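Each chain, written out:
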Amino acid sequence: MKTDRGFVKTMGTHGHTVDVLRLMADLGERLDKTVIIEGVETQAEQDQLRALGFRYMQGFHIGRPV
């Protein structure tokens, strides 16, 4: 499963976004699916997403497109 980068962008501004992301991480784990988070642009976002249970991420912070 791959998430839209909009979730990361609204993580700090919409209160329920973090709850939705936590549910996505939990659902992926329960279904034995890999969940990839798109749009990670800062170390703070990466740290917060790791704390929520995400292991796989994409975005400018992780690596530039080639």
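Refer to the structure above for everything that follows.
Residues numbered from 1 in each chain as written. Predicted model: local features only at pLDDT ≥ 70, side-chain atom pairs only at ≥ 80, totals over all residues. Heavy atoms only, no water.

### Let's talk about the overall build of the protein chain
Here is step 1 of the chain: Assigned secondary structure in the protein chain consists of three helices and two strands.
Here is step 2 of the chain: Taken over C-alpha atoms, the radius of gyration comes to 11 Å for the protein chain, in line with the 11 Å a tight globule of 66 residues would show.
Here is step 3 of the chain: Taken along its principal axes, the extent of the C-alpha atoms in the protein chain is 30 × 25 × 20 Å.
Here is step 4 of the chain: Buried residues in the protein chain amount to 30% of all 66 residues.
Here is step 5 of the chain: With the model as given, the accessible surface of the protein chain reaches about 4,700 Å², and the carbon-plus-sulfur share is 53%.
Here is step 6 of the chain: The distance from the centre of the 9 positive side-chain charges to the centre of the 9 negative ones in the protein chain is 4 Å. (Helix = DSSP H or I, 4+ residues; strand = E, 2+ residues; numbered from the N terminus. Rg over C-alpha atoms; globule rule 2.2 N^0.38 Å. Buried < 20%, exposed > 50% of the residue type's maximum accessible area, 1.4 Å probe, protein only. Areas by Shrake-Rupley, 256 points an atom, 1.4 Å probe, with all protein chains shown as cover. Lys, Arg positive; Asp, Glu negative; His and termini not counted. Charge placed at Lys NZ, Arg CZ, Asp CG, Glu CD.)

### Quick look at the environment of L21
Here is step 1 of the chain: Take L21: it is sitting in helix α2 (residues 15–30).
Here is step 2 of the chain: In this structure the C-alpha to C-alpha distance between L21 and V35, which are 14 residues apart in sequence, comes to 10 Å.
Here is step 3 of the chain: When sequence neighbours within four positions are dropped, the list of residues in contact with L21 reads F7, M11, I37, L49, L52 and F54. (Contact = heavy atoms within 4.5 Å.)

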